[in-house]
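# Remarks on the overall topology
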Amino acid sequence: LFLYGYLFDLGKLLNSGMKNMKNILLVLGAPNDEKGNLSRIALDRLNYAFELYSLNKNSRFLCTGGFGKQFNPTSLPHAYYSKQYLLHKGVKENDFLEFVLSSNTVEDFRMSKLVIEKEQPDILWVVSSDFHMKRVKILHDIIMQYPNTIFVPAPSSLTIQELNPFLLHEEQAIRELQANNFILY
């Protein structure tokens with residue numbers, strides 16, 4: 001109920017004075033398998049982004065994710081599978097920007113920054129998993145620093161046992177950023 005209440009309030013916001021504003025939904029990539037089937041993490045993010053889109057169709061998607069053994073072993077970019085999923089849910093073809101063919105979160109921001117600077121959205125909505133959001137905010141502030149950004153943490157549908165390795169990975173990645181004084185490679 002809290003989730004829907006939160007989205008309902010966002011819907012009021014989006015449909016009030018913001019109806020004619022240009023919005024970009026930056027959806028950070030997540031794994032898919034060797035057949036292109038999206039992981040639950042990817043689906044959680046895409047479904048949440050779609051909820052935002054359905055509240056304000058004046059939004060365009062910027063899907064990230066290229067190739068990599070750890071998250072996409074197929075011959076098509078992860079962003080392609082994300083787009084196909086969203087098209088199937090009812091997103092219009094012209095509501096997509098070009099793919100960002102990144103292979104990690106740092107690249108998500110480095111590569112999407114060029115598109116964001118070109119498009120100049122009134123609001124940039126960054127959608128990622130709830131467990132990923134702390135690092136997402138840090139990297140946004142280091143790399144992109146887009147002033148009109150709203151961070152949207154998609155609730156994870158993973159069990160606590162499934163989630164634990166991801167939580168540990170995020171803690172380690174943030175510790176490494178801190179150890180490097182937030183200077184990226």
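The rolling of a water-molecule-sized probe over the atoms marks out the regions of remaining empty space. Taken as a whole, the largest pocket encloses approximately 740 Å³ of empty space. Lining the largest pocket are 29 residues, with Asn-104, Thr-105, His-132, Arg-135 and His-169 sitting closest to its centre. Those elements that provide at least two residues to the lining of the largest pocket are helix H2 (40-55), helix H4 (105-119), helix H5 (133-144) and helix H6 (160-179). Among the elements that take part in the lining of the largest pocket, H6 stands out by supplying 7 residues, more than any other. Class assignment for the residues of the lining of the largest pocket results in 13 nonpolar, 11 polar and 5 charged.

In this section: the nonpolar core. Within the largest apolar cluster, 27 residues are counted, with the highest numbers of intra-cluster contacts made by Phe-61, Leu-86 and Val-91. Only strand S1 (23-27), H2, strand S2 (59-63), helix H3 (78-89), strand S3 (123-129) and strand S4 (149-154) provide two or more residues apiece to this core. The element that contributes the greatest number of residues to this core is H2, accounting for 8 residues. The residues contacting Leu-86, other than those within four sequence positions of it, are Leu-46, Phe-50, Phe-61, Cys-63, Val-91 and Phe-96. Within the second largest apolar cluster, 23 residues are counted, among which are Leu-26, Leu-97, Val-106 and Met-144.

Okay, unusual backbone geometry next. Within the chain, Gln-120 stands out as a residue other than glycine whose phi angle is a positive 50 degrees. Secondary-structure assignment places Gln-120 in the loop between H4 and S3. Residues other than glycine seldom take positive phi values, yet Gln-145 does so here, at roughly 55 degrees. Secondary-structure assignment places Gln-145 in the loop between H5 and S4. A relative accessible area of 54% places Gln-145 in the exposed class.

Bringing the pairing of S4 into the picture now. As defined by bridge partners, S3 adjoins S4 across 6 bridges and the pair is classed as parallel. Across the sheet, the residue bridging to Trp-125 is Ile-150, located in S4. On the question of chirality, the crossover connecting S3 to the parallel S4 by way of H5 is right-handed.

Conventions adopted
- Residues numbered from 1 in each chain as written.
- Predicted model: local features only at pLDDT ≥ 70, side-chain atom pairs only at ≥ 80, totals over all residues.
- Heavy atoms only, no water.
- 1 Å grid on protein atoms, 1.4 Å probe; cavity = no way out; pocket = protein on both sides within 12 Å on 5 of 7 lines; lining within 4 Å.
- Points joined across faces, edges and corners; volume = space filled by probe spheres on them.
- Helix = DSSP H or I, 4+ residues; strand = E, 2+ residues; numbered from the N terminus.
- Nonpolar A, V, L, I, M, F, W, Y, C, P; charged D, E, K, R; others polar.
- Core = buried A, V, L, I, M, F, W, Y, C linked by side-chain atoms within 4.5 Å.
- Buried < 20%, exposed > 50% of the residue type's maximum accessible area, 1.4 Å probe, protein only.
- Contact = heavy atoms within 4.5 Å.
- Pairing = 2+ DSSP bridges.
- Right-handed = clockwise from strand over helix to strand, strands pointing away.

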